[in-house]
Amino acid sequence: MSEISVRQEIMALKAYVPGLSIAEIQDKYNLPQVIKMASNENPLGMPPLAREAVVRHAAGAFRYPQGGNPRLARALGKRHGVDEHRVVIGNGSDEIIDLLIRILAVPGTHNIVCFNPCFSIYPIQGRICGIEIRRQPLEKDFSFDFAALLDLVDANTRIVFVTTPDNPSGYCPPRAAVEALARDLAQKAPDCLLVVDEAYVDFADDEKASSMLAAGIMPPNTAFMRTFSKSFGLAGMRVGYGILPDHLADYLWRARLPFSVNILAEEAAMAALEDTTFYDATQQAVRTGRKELFDGLTALGCTVWPSQANFLMFGMPEGAANAADCFEALLAGGIIIRPLKSYSLPDLLRVSIGNQQENKAFLSAMAEILGAKPAQGGVKA
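Heads up: these notes are all about the structure in this document. (Residues numbered from 1 in each chain as written. Predicted model: local features only at pLDDT ≥ 70, side-chain atom pairs only at ≥ 80, totals over all residues. Heavy atoms only, no water.)

What about the overall build of the protein chain?
Of the regular secondary structure elements, the protein chain holds 14 helices and 14 strands. Projected onto its principal axes, the C-alpha coordinates of the protein chain cover approximately 60 × 50 × 45 Å. The proportion of buried residues among the 381 residues of the protein chain is 54%. For the protein chain, the proportion of contacts with a sequence separation of at least 24, taken over those separated by at least 6, is 74%. Accessible area for the protein chain stands at about 17,000 Å²; split by element, carbon and sulfur atoms hold 53% of it. Taken as two groups, the 36 positive and 42 negative side-chain charges of the protein chain have centres that lie 2 Å from each other. (Helix = DSSP H or I, 4+ residues; strand = E, 2+ residues; numbered from the N terminus. Buried < 20%, exposed > 50% of the residue type's maximum accessible area, 1.4 Å probe, protein only. Contact = heavy atoms within 4.5 Å. Areas by Shrake-Rupley, 256 points an atom, 1.4 Å probe, with all protein chains shown as cover. Lys, Arg positive; Asp, Glu negative; His and termini not counted. Charge placed at Lys NZ, Arg CZ, Asp CG, Glu CD.)

The structure is reproduced here in structure tokens:
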């Protein structure tokens, strides 16, 4: 791909648009309080031990962190039962995804394969780097057709991205299906890396049944992405990590910008790993809240997709307000959820699991919008 073509690709891109902030909505609607259930953040906030660690180490923020974050790499290696040298820590897992694309794929020669829709960072960063993006549409029920995905792979494919559980649907394929994909990919394209993005997998009902990493199954052609943004409540600190094949981890450490993970983020992450009470409470809150919201939205006539993540995707009842109007009505009432127009799903919405009070407020607002009358809708199995 020529320099002009790359520039044209970038000019045509639509930038990643994060969810609206609380401050934006407070200003727009003159609201004293706003509930945010849009960005899949932790419903319990930040781990107490992590807060204490940030305060305790704040005076040392004038120092650079230790290169390579070795303490955190060791802790994560121990947590997952892998060699610490396979662990690469980044400024969010986004940084590691970006580095993988830049290191593995040559503009004008290689391609990347992913589903459509998917986490937008995969195609956006690929296109910025001048890499061809091949996308396989999801099934109508938002499940994965791995055979069709594999059909897009050729000798020039360098990365295949799979998110499990997926965003925005929450669909989680069986672990055996992802294992089979890794095996088939190794046979068809030996130089291709399968990147399994497991940002939400610890919210699954059975993590070991859903995750190769959790089950200790790590094919040599597979990398795993994890994050501190969800279960560990550190979205604003920006800490993520990848568990990669040995040689690839070494390449990323060479290419990663020095000190990309700041010293307070590192200390917060170390403390969050130790705060098992908070982690367990988060899992309980998400599982309980997920069922509460699923049942509540279904009772209101919404079409709700089963989710193994900390969010639910849903559609409005037939004959009710459309998704865009519902989103705006919720905003006016001080509740932010996520419209899915950017995923090319304008008729659907996504709501993050909140705490008990937030979930109750959201369902109450939805009941008011829908007139509190059960409508024809139902559950998507």
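Some details on the nonpolar core
Counting residues in each nonpolar core, the largest one holds 54 residues, and the members touching the most others are L72, I89, V160, V162, F228 and V239. Once you skip the residues sitting within four places of it in the chain, F228 turns out to touch L72, L76, G233, L234, A235, V239, Y241, A269 and L273. The next biggest cluster of nonpolar side chains, apart from the first, holds 38 residues, and it includes V286, L297, M366 and L370. (Core = buried A, V, L, I, M, F, W, Y, C linked by side-chain atoms within 4.5 Å.)

As for the packing of aromatic side chains
Tallying each qualifying case throughout the model produces 13 aromatic pairs. Relative to Y241, the ring of F228 has its centre 5.8 Å away and its plane inclined at 55 degrees; by these criteria the two rings are tilted. One end of the pair, F228, is in the loop between β7 (222–227) and β8 (240–243); the other, Y241, is in strand β8, and 13 residues separate them in sequence. Ring centres 5.3 Å apart and planes at 35 degrees place the aromatic pair F232 and Y279 in the tilted group. Placement of the pair is F232 in the loop between β7 and β8 and Y279 in helix α12 (residues 276–299), with a sequence separation of 47 residues. Across the pair, exposure class does not vary: F232 and Y279 are buried alike. Each member of the aromatic cluster is reached from another via a ring pair, and the members are F115, F144, F146 and Y171. Its guanidinium or amino end placed over the ring of Y279, R79 lies 5.2 Å from that ring's centre, counting from NZ or CZ. (Phe/Tyr/Trp six-rings, centres within 6.5 Å; stacked < 30°, edge-to-face > 60°. Lys NZ or Arg CZ within 6 Å of the ring centre and 35° of its normal.)

Re the pattern of salt bridges
Summed over all chains, the structure comprises 12 salt bridges. The salt bridge involving R290 is made with D205; its shortest N-O contact spans 3.0 Å. Residue R290 is found in helix α12, and its partner D205 is found in the loop between β6 (193–197) and α9 (207–210); the two are separated by 85 residues along the sequence. Look at R290 and you get buried, because its relative accessible area is 7%. Overall, D205 belongs to the exposed group, its relative accessible area being 56%. The salt bridge partner of K291 is D295, with a shortest N-O separation of 2.7 Å. Taken together, the residues span about one helical turn, with K291 and D295 both in helix α12 at a distance of four residues. Residue classification places D295 among the partly exposed positions, given a relative accessible area of 37%. Connected via shared salt-bridge partners are E132, R134 and D154. (Salt bridge = Lys/Arg side-chain N within 4 Å of Asp/Glu carboxyl O.)

Details of the side chain of S169
Among the secondary structure elements, S169 is positioned in the loop between β5 (157–163) and α8 (175–188). S169 sits in the buried class, given a relative accessible area of 3%. From its side chain, S169 meets the backbone nitrogen of Y171 in a polar contact 3.0 Å long. Setting aside its immediate chain neighbours within four residues, S169 contacts F142, W305, P306, S307, F311 and M313. (Polar contact = N/O pair within 3.5 Å; in protein donor to acceptor, adjacent residues only side chain to side chain.)

So, the pairing of β5
Most of β5 sits inside the fold, with seven of its seven residues counted as buried. Across three bridges, strand β3 (residues 111–116) lies against β5 in parallel orientation. Counted as the bridge partner of N111 is T157 from β5. Judged from the five bridges that link them, β5 and β6 form a sheet pairing that is parallel. Residue V160 lies in a different strand from β6, and its bridge partner there is L194. (Pairing = 2+ DSSP bridges.)

Section: the sheet that holds β6
The strands that make up a sheet pair up through hydrogen bonds in the backbone, lying either parallel or antiparallel. Spatially, seven strands are ordered β2-β8-β7-β6-β5-β3-β4 in an open sheet, and the strand pairing comes out mixed. Single-partner strands in this sheet number two, and they are β2 (87–90) and β4 (132–137). Strand after strand, the sheet turns through a mean of 20 degrees between neighbouring axes, direction not considered. Relative to β7, β6 is paired through four bridges, and the arrangement is parallel. When the sheet's bridge partners are listed, V195 is paired in β7 with A223. Sitting on the sheet, helix α4 (residues 70–80) touches β2, β7 and β8, and the angle it makes with β2 is about 125 degrees. Packed onto the sheet, helix α6 (residues 121–128) meets β3, β4, β5 and β6 and runs at close to 155 degrees relative to β4. (Axes fitted to C-alpha atoms, helices over the stretch in contact; angles between N-to-C directions.)

Comments concerning the state of the cysteines
Throughout the structure, instances matching the rule amount to zero disulfides. Summary of cysteine pairing: C129 is not part of a disulfide, and the nearest cysteine sulfur, belonging to C114, is at 14 Å. Overall, C129 belongs to the buried group, its relative accessible area being 13%. Free of any disulfide, C302 has its nearest cysteine sulfur in C326, 7.2 Å distant. (Disulfide = S-S within 2.5 Å.)

A few points about the pairing of β4
Note: β3 against β4, six bridges, orientation parallel. Bridged to F115 within β4 is Q136. The handedness of the β3 to β4 crossover, carried by α6, is right-handed. (Right-handed = clockwise from strand over helix to strand, strands pointing away.)

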